[in-house]
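Close look at the chain arrangement
Chain by chain, the residues run as shown.
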Amino acid sequence: MRAKTLIELLTLSTNIYMISKDEEFMENLSEMIKKGKKKAEDFVDDFTGKEDEEKYIQKLLHKIKTAKEEMEKKIEETAVNVYRKMHIAHTNEVKKLADEIEQLKRELAIAESRIVNLEPKQA
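Residues numbered from 1 in each chain as written. Predicted model: local features only at pLDDT ≥ 70, side-chain atom pairs only at ≥ 80, totals over all residues. Heavy atoms only, no water.

1. Considering a nonpolar patch on the surface
Residues Met26, Leu29, Met32, Ile33, Met71 and Ile75 make up a contiguous nonpolar surface patch of about 500 Å² in total accessible area. Contributions of two or more residues to the nonpolar patch are made by helix H2 (23–46) and helix H3 (53–86). The class for Met32 is partly exposed, based on a relative accessible area of 34%. (Patch = residues over 30% accessible without salt bridge, like charges linked within 9 Å, V, L, I, M, F, W, Y side chains within 5 Å. Areas by Shrake-Rupley, 256 points an atom, 1.4 Å probe, with all protein chains shown as cover. Salt bridge = Lys/Arg side-chain N within 4 Å of Asp/Glu carboxyl O. Helix = DSSP H or I, 4+ residues; strand = E, 2+ residues; numbered from the N terminus. Buried < 20%, exposed > 50% of the residue type's maximum accessible area, 1.4 Å probe, protein only.)

2. Some points on the pattern of salt bridges
Within this structure, the stated rule accounts for three salt bridges. Here Lys35 makes a salt bridge to Glu31, at a shortest N to O gap of 3.1 Å. With Lys35 and Glu31 both in helix H2 and four residues apart, this pair spans about one turn of that helix. You can call Lys35 partly exposed: its relative accessible area is 46%. With relative accessibility at 41%, the residue Glu31 sits in the partly exposed group. Glu102 serves as the salt-bridge partner of Lys105, at 3.8 Å between the closest nitrogen and oxygen. Of the two residues, Lys105 and Glu102 both sit in helix H4 (residues 91–122), three residues apart, roughly one turn of that helix. Of the residues examined, Glu102 reaches a relative accessible area of 39% and is grouped as partly exposed.

3. A look at the confidence of the model for the protein chain
Chain-level pLDDT for the protein chain is 79 on average; 85% of the residues reach the 70-or-more range. The weakest mean pLDDT in the protein chain belongs to helix H1 (residues 3–21) at 75; the strongest belongs to H4 at 87. (pLDDT = per-residue confidence, 0-100.)

4. Quick notes on the environment of Asn15
In this structure, Asn15 sits in helix H1. The spacing of Asn15 and Val82 is 67 residues in sequence and 7.0 Å in space, taken between C-alpha atoms. In this structure, Asn15 is in contact with Val82 and Met86, ignoring residues within four places of it in sequence. (Contact = heavy atoms within 4.5 Å.)

Encoded structure:
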């Protein structure tokens, strides 16, 4: 097995371990499951059979899209928390640091040009 694959597996297992040890996350997940079951039961109860099939499918697709967006948001929040706990730089932090480096490079270029302009005057 390649080293990269081993590192990826190690990272994945570490992330899963960190998530499983996060009691607040596990409680929220259990609560979300209970709410999800309740909402699914309510949704099925709302369907009386009088609505035509197309409206039912549209309603179902809308609920699925909403659930997907909520799940993606929760996963992103969890990933940010795991990265923070493991002291791994998140992409947002990397972009911020890259912007700061670019700004410092511009300031350095300006300072160098000032020095170059001052040197001939002194000679």
